Amino acid sequence: MSTVSLAQFHQTFFEESHEGLDAMESALLALDGGGDAELVHRIFRAAHSIKGGAATFGFPDMAAFTHEAESLLDELRDGRRAVDAGIVELLLRSVDCLRGMFARAQAGEPLADAHSEQLRQELAAAVGRDAAPKPGAAKRAEAAGTSAWLIRFHPHQGMLAGGNEPLRMFRELAELGALKVEPALEKLPALASLEPSDCHLGWTIELRGKVARAAIASVFDWVEGECDLVIEELVEAAPEPAPVATAPTVAAAASAPRASREAAAEASSVRVGIDKIDSLIDLVGELVITQSMLDTFREGFDAQRIEMLQHGLAQLARHTRSLQESVMGIRMLPIASVFNRFPRMVRDLGQKLGKQVKLDLVGEHTELDKTVLEKIGDPLVHLVRNAIDHGLETPDRRRAAGKGDIGTLRLEASHRGGSIVVEISDDGAGLNRDAIVAKALQRGLIGSAEGMSDEAVAELIFQPGFSTAATTTDLSGRGVGMDVVRRNVVDLGGNVAIRSVVGKGSVFTITLPLTLAIIDGLTAVVGDEHYIVPLASIVESVQLRGEALRTVTGGGELFRFRDGWLPIIRLHDAFGCASGARSEIEQGLVIVVEGEGARVGLFVDELIGQQQAVVKSLEANYRRVVGISGATILADGSVALIVDVAGLIRQQGRRKAA
Amino acid sequence: MAKILAVDDSASMRGMVAFTLRGAGHDVSEAENGQLAVDAAKGSRFDLVLADVNMPVMDGISMVRELRTMPEYKGVPILMLTTESHTDRKMEGKAAGATGWLVKPFDPEQLLATVKRVLG
Amino acid sequence: MGSSKAKSATASGATTRVVLPADCRIADLPGVKSELQAALITPAAELDASAVERIDTAALQLLAVFCREAGAKGHTVTWLGASTVLRDAAALLGLTQTLELPAATPA
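Reading the values: rules and limits
- Residues numbered from 1 in each chain as written.
- Chains lettered and ligands numbered in written order.
- Predicted model: local features only at pLDDT ≥ 70, side-chain atom pairs only at ≥ 80, totals over all residues.
- Heavy atoms only, no water.
- Helix = DSSP H or I, 4+ residues; strand = E, 2+ residues; numbered from the N terminus.
- Buried < 20%, exposed > 50% of the residue type's maximum accessible area, 1.4 Å probe, protein only.
- Areas by Shrake-Rupley, 256 points an atom, 1.4 Å probe, with all protein chains shown as cover.
- Contact = heavy atoms within 4.5 Å.
- Core = buried A, V, L, I, M, F, W, Y, C linked by side-chain atoms within 4.5 Å.
- pLDDT = per-residue confidence, 0-100.
- Buried area = accessible area lost by both parts, 1.4 Å probe.
- Salt bridge = Lys/Arg side-chain N within 4 Å of Asp/Glu carboxyl O.
- Polar contact = N/O pair within 3.5 Å; in protein donor to acceptor, adjacent residues only side chain to side chain.
- Nonpolar A, V, L, I, M, F, W, Y, C, P; charged D, E, K, R; others polar.
- Expected span 1.5 Å × (residues − 1).

## Comments concerning the overall build of chain C
Helix and strand content of chain C: three helices and six strands. In chain C, the succession of α and β elements from N to C terminus is β-β-β-α-β-β-α-β-α. Expressed as a percentage of its 107 residues, the buried residues of chain C come to 51%. Accessible surface, chain C as shown: approximately 4,600 Å² in total, 54% of it carbon and sulfur.

## Observations concerning the overall build of chain B
Scanning chain B from terminus to terminus reveals five helices and five strands. Looking at chain B as a whole, 62% of its 120 residues qualify as buried. Across chain B, every contact between residues at least 6 apart in sequence was considered, and the portion connecting residues at least 24 apart equals 63%. In the form shown here, chain B has an accessible surface area of approximately 4,200 Å², with 51% of it arising from carbon and sulfur atoms.

## Topic: the nonpolar core
Core analysis: the biggest nonpolar cluster contains 87 residues, and M62(A), L50(B) and M63(B) have the highest contact counts within it. Ranked by residue count, the leading element in this core is helix α5 (residues 85–107) of chain A, at eleven residues. Once residues lying within four places of it in the same chain are set aside, the contact partners of M62(A) are F13(A), I50(A), A54(A), L98(A), M101(A), F102(A) and L111(A). Judged by nonpolar contacts, the second largest core, of 63 residues, contains C199(A), C227(A), A45(C) and A64(C).

## Some details on the confidence of the model for chain C
Residue and element names in this part refer to chain C. With 83% of its residues at a pLDDT of 70 or more, chain C shows a mean pLDDT of 82. Per-element confidence in chain C is highest for helix α2 (residues 57–73), whose mean pLDDT is 91, and lowest for strand β1 (residues 10–12), whose mean pLDDT is 59. The low-confidence segment residues 1–7 (pLDDT under 50) makes eight contacts with residues lying over four places distant or belonging to another chain. Both scores are available for the predicted complex, with the pTM at 0.48 and the ipTM at 0.86.

## Regarding the side chain of E75(A)
All names here are of chain A. Within the secondary structure, E75 sits in helix α4 (residues 60–77). Judged by relative accessible area, E75 falls into the buried class, the value being 11%. Not counting chain neighbours up to four residues away, the residues in contact with E75 comprise R80, R81 and V127.

## Thoughts on the interface of chain B and chain A
On the side of chain A, 46 residues touch chain B, which itself brings 43 residues to the contact. Of the roughly 3,300 Å² buried at the junction of chain B and chain A (both faces included), carbon and sulfur atoms supply 58%. Counting the contacts that link chain B with chain A gives four salt bridges. Between K94(B) and E226(A) there is a salt bridge, with its nearest N and O atoms 2.3 Å apart. Between chain B and chain A we count 17 residue pairs in polar contact (both at pLDDT 80 or more) in total. Where the side of chain B that touches chain A is concerned, the elements lending two or more residues are α1 (11–23), β4 (78–83), α4 (87–96), β5 (100–104) and α5 (108–119) of chain B. Across the side of chain B that touches chain A, the residue classes break down as 18 nonpolar, 14 polar and eleven charged.

## Regarding the pattern of salt bridges
Across all of its chains, the model carries 45 salt bridges over all chains by this definition. Between R120(A) and E68(A) there is a salt bridge, with the nearest N and O atoms lying 3.5 Å from each other. Here R120(A), found in helix α6 (residues 114–127), pairs with E68(A), found in helix α4; they are 52 residues apart in sequence, far enough to count as distant. For the residue pair R120(A) and E68(A), the accessibility class agrees, reading buried in each case. With its nearest N and O atoms 3.9 Å apart, the salt bridge here joins K74(B) to E195(A). Of this pair, K74(B) sits in the loop between α3 (60–68) and β4 while E195(A) sits in the loop between β2 (178–184) and β3 (202–211), each in a different chain. Take K74(B): its relative accessible area is 29%, and that puts it in the partly exposed class. Given a relative accessible area of 35%, E195(A) falls into the partly exposed group. One continuous salt-bridge network, built from bridges that share partners, spans D22(A), E25(A), E89(A), D96(A), R99(A), R344(A), R347(A) and D348(A).

## Quick word on the interface of chain C and chain B
Contacts between the two partners involve six residues from chain C and, on the opposite side, six residues from chain B. Of the roughly 400 Å² buried at the junction of chain C and chain B (both faces included), carbon and sulfur atoms supply 45%. Taken together, the connections running from chain C to chain B amount to three salt bridges. Ionic pairing is found between R45(B) and D28(C), a salt bridge with its closest N-O pair at 3.5 Å.

## Here we look at α4(A)
All names here are of chain A. Relative to the 26 Å expected for 18 residues at 1.5 Å per residue, α4 spans 24 Å between its end C-alpha atoms, a close match to the ideal helical length. With 15 of its 18 residues buried, α4 lies for the most part within the structure. The first or second residue beyond α4 is G79, which carries a positive phi of 75 degrees.

If you want it as structure tokens, here you go:
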């Protein structure tokens, strides 16, 4: 019955446990490099909380598993056992195993499996205890019960101050049977010397009724060591073996009911700091005030009050903007949740490849939109794997190159203007131009590297189907290339660039928008329609004259831009909205945009201004449309579509290829 | 009903305790660690404090020690929420001035029974 | 009666009256103790416990110490009133006699 009301806390329990596991993992990794007591405490605390929660919320398998890990940690904490690599390894595997258990808990599946059971026994063996399953519930020695007891109860001085109240105990005894209470007053001091919180009273209690000794002892279980207690049989009866004050009151563990399925259904949620909520509430308050101020104009308006109206409108604009920023802020989470997985990964990879890697994490508190955060993990993992696999050298090679044995891998996140920048840098060998050129030639990506700048060569690694590893290891291999990394980042509205110096290392720079929910864009008119072109992908807009245009065979149009020729995409053709659209290139405008590493010109009728657009999903409301990333509502209430520049370029490439 | 302070760094555990006690009509305040509990206790006099043992910033045992130095918290019941495996921690808590303990795992009924027991 | 919780010991001639607060528990006892000490100076004391809503063992112990000491000095202690809460608690601890609580007093 209690499970019903407890299910509502499952999601919170899962979320905080994930955080706990992350904390355990990073502390374990730190411990690996020579730890201190606080780290062990932190790990212990996390394990302890998970165990307590698991037991309380009805996950006995998880509680049993964590119990063993906790016992081991307890030995570390007490100094009964020294931290060594083996234990760290075992505990790290336990963290992984618990993650698996949580995943199964969320899916409503049985938590324990052969793997977890084996690991549990390993932990138990490490603790030096019998790995036999724990008995579920404590048995309560419940004998027939005697009909009369004599209890001598003499509290020590400090018992009352500690909150243990004889009145409570006597009330409980009275529930067991009839009481006769005789106080012992001999030790009462003089009033002047009495410290009221000290206890000087004692009692002899006669309890009549069919009561087991354990039932009496449990009344006094909190005051063991705080009183002198003797429980004697008053009348002849069978001897009772149970000792005083050892009656554990655990009865729930054995029959913990299964979590209900519906509770396991995962709801996506964000944990928001109370300060963020408070600031929202403040802002809404401000808005309400402004609104009521503006409301006064309803009663009548004259020219004298125009200044007040302007003031009110300015205030409204300011508050609306602040409110928007605050609401967006709710979705912002620190990148630490992504960075946290790397210490473990880097350690494992380094061991596997025989490389020594020091990982520096910088700017972990930099906040990103939750959606961006969720999707940036895979590209980052790939870049980190790549840096360790291809970038950093083995200690031998590093020594030969005059560098220290230990390579440095640095992940740094920061805010730069309206963007988030994540840099992955290593002090490894840098890109090998010859190897890249050879591979690109072999793959037919280029005809010749003659005259290609180092930057242009470096760009080649982002081309589909490119891989420089002589032997594909199971690390960077996996059939995923740098082209996919770039694709993923571009899909998030960002970009990846690389800088590399031979012998010194490489830096991959990922630039990401702060949020996916709002974009800055230029509003373009095409016929009767409005389109938003994201500002991030715009290079510039130009008005073309005839001589800058060229038509190539096959119907493609090119225009001269700086030193080269770029293809033109007529938006009215691409989106099929020719009605009312200008067809003469010279009459309209060409917006030069960049995406997928390529530039094209988008032909539109005219530009009417820059604006922030709140992105509404087309997929959610209609269906996915090639070349369109979403829609937004304009100030006049009409709908404008947001151009997906990268998608449009891809589509145009396919058309050209066909 | 009674004014109760629930102290636990685990939001789910704290939530469960607070939810259960509020359901029984108690006036429940929550604190995330020992330090915040001590701060709360300074501003308000609680009839009962329920606290986890292992917490960051200030653990439950230091919290009890701190509360017991405050004259108005002499004799106020303070229960530690603890797991059965740590008898020594129980004793450490007792030595610091805790009244008793509630063994994890506990369900709402056990919690209510214990609170009723302490508050009389 | 009109006595407030804070200043409730009133001495008139040879009798001192002590009014016990509604919350009569360990944290409130230092004040009660000094009032009782004052009441021990006069040959007669009146205790008013009609307002007591909450009481603990420490408070009853304090009252027991007072009553015994007053008795030893030959002073008289009169209960002007005693709430049910106080009576029940005293009975449970076996202190009814020590406190010389009358069998039934109109509150």
